[in-house]
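Report on the structure
If you want the building blocks of each chain, they are given just below.
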Amino acid sequence: MKKNDNIFWGVVLLLAGVYIIIHRLGFLPDINVVRLAVAVVCAVVFVRSLIRVEFGGMLFSLAILAILFGRELNLTAITPWPVLVAALLGSIGLDMIFGSRAKRWRKGKQDAVIDGMGDFISGDEIVVRCLFNGTKKSISSDDFTRARFYCKFGGLEVSFDDAVIQHGTATVELDVNFGGVELYVPQSWQIVNHTDCIFGGLDEHRHGRAAGEGPQLVLEGNVRFGGVDIYRI
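Residues numbered from 1 in each chain as written. Predicted model: local features only at pLDDT ≥ 70, side-chain atom pairs only at ≥ 80, totals over all residues. Heavy atoms only, no water.

What follows concerns the overall build of the chain. Regarding its fold elements, the chain presents 4 helices and 12 strands. Burial statistics for the chain: of 233 residues in total, 30% are counted as buried. When the accessible surface of the chain is split by element, carbon and sulfur atoms take 62% of a total near 13,800 Å². (Helix = DSSP H or I, 4+ residues; strand = E, 2+ residues; numbered from the N terminus. Buried < 20%, exposed > 50% of the residue type's maximum accessible area, 1.4 Å probe, protein only. Areas by Shrake-Rupley, 256 points an atom, 1.4 Å probe, with all protein chains shown as cover.)

This is the structure:
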């Protein structure tokens, strides 16, 4: 996680603790803590999506905020389904109009910024983190044995085209929450799924010839409100 993310969430938790104490002392009116927490998450998603020019994240976070505070803002006539449908159509329309330029901008920004996520891609120690953004990584290892991938509120794409499993088995530990992970693995690798999926799933796409009796890639960890897609290269 980036240092700025640590600071932000640390401040949020600190303020939440202060609110609990002050509220119990009777100095503040009642506030739905769950609704407030969801609103904070939506605000974070909106800012991150705005920075990365991701239309879906921007519009859907605003739609959820409109649903949360529909009565206060007198928006009950357009919530919940009209505003969600509008967000969906708006996301598709903006992506059709500006999608290619937004992708080029994101790619240029990603290439220009030095990785500050605390990732490690070296030898047998591989850790990749993705938080509120889209990340692409290529694993290069002559003796790949183990990796850990963290993906929360984002999209992570990892390619193993330059990785070699020397000892028959390698393990990938997944921690996916409200995100999507795409793994591109060699044709000969066997996929062994030991993940625990709740409101999520793992889908293996087979293209070309079926995998032979090659090395095993064991997938472990948790997938919550997300998905993992595996493609052959």
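In low-pLDDT regions, the fine details of the predicted coordinates are not to be read closely. Residues of the chain with pLDDT of at least 70 account for 74%, and the chain-wide mean is 78. Confidence drops under pLDDT 50 across residues 110-117; counting only partners more than four residues distant or on other chains, this segment forms 10 contacts. (pLDDT = per-residue confidence, 0-100. Contact = heavy atoms within 4.5 Å.)

As a rule of thumb, nonpolar side chains are buried together in soluble globular proteins. By size, the foremost hydrophobic cluster in this structure holds 27 residues, and its most contacted members are Phe 144, Phe 149, Phe 160, Val 172, Leu 183 and Leu 217. Within the residue set of this core, elements represented by two or more residues are β2 (125-131), β4 (146-152), β5 (155-163), β6 (169-177), β7 (180-185), β11 (216-224) and β12 (227-232). Look past the residues within four positions of Phe 149 in its chain and what remains in contact with it is Ile 126, Val 128, Leu 156, Val 158, Phe 160, Val 172, Glu 173, Leu 174, Asp 175 and Leu 183. (Core = buried A, V, L, I, M, F, W, Y, C linked by side-chain atoms within 4.5 Å.)

All right, on to the pattern of salt bridges then. Proximity of charged atoms lets side chains of opposite charge pair with each other. Enumeration according to the criterion identifies 5 salt bridges in this entry. Of the charged contacts in the structure, one is a salt bridge between Glu 173 and Arg 146, with a shortest N-O distance of 3.6 Å. Placement of Glu 173 in strand β6 and of Arg 146 in strand β4 is noted, with a sequence separation of 27 residues between them. Among the residues examined, Glu 173 registers a relative accessible area of 31% and is labelled partly exposed. Between Glu 220 and Arg 146 there is a salt bridge, with its nearest N and O atoms 3.8 Å apart. Placement of the pair is Glu 220 in strand β11 and Arg 146 in strand β4, with a sequence separation of 74 residues. The exposure class of Glu 220 is partly exposed, given its relative accessible area of 28%. Taken together, the shared-partner salt bridges connect Arg 146, Glu 173 and Glu 220 into one network. (Salt bridge = Lys/Arg side-chain N within 4 Å of Asp/Glu carboxyl O.)

So, on to the sheet that holds strand β10 (residues 201-204). Strand order in the open sheet made by the 5 strands is β3-β5-β7-β12-β10, with parallel pairing throughout. Looking at which strands have only one partner, the edges of the open sheet turn out to be β3 (134-141) and β10. Each adjacent strand pair in this sheet contributes to an overall mean axis angle of 15°, direction not counted. Where β10 meets β12, 4 bridges bridge the pair, whose relative direction is parallel. By the bridge assignment, Asp 203 is partnered in β12 with Asp 229. (Pairing = 2+ DSSP bridges. Axes fitted to C-alpha atoms, helices over the stretch in contact; angles between N-to-C directions.)

Our next topic: helix α3 (residues 55-68). Helix length check: α3, at 14 residues, gives a terminal C-alpha distance of 20 Å against a target of 20 Å (1.5 Å per residue), a fit within 8%. Those residues of α3 not exposed but buried are Phe 55, Met 58, Ser 61, Ala 63 and Ala 66. (Expected span 1.5 Å × (residues − 1).)

A contiguous patch of negative charge, built from Asp 142, Asp 143, Asp 161 and Asp 162, is present on the exposed surface. Note on placement: Asp 161 falls in strand β5. (Patch = residues over 30% accessible without salt bridge, like charges linked within 9 Å, V, L, I, M, F, W, Y side chains within 5 Å. Lys, Arg positive; Asp, Glu negative; His and termini not counted. Charge placed at Lys NZ, Arg CZ, Asp CG, Glu CD.)

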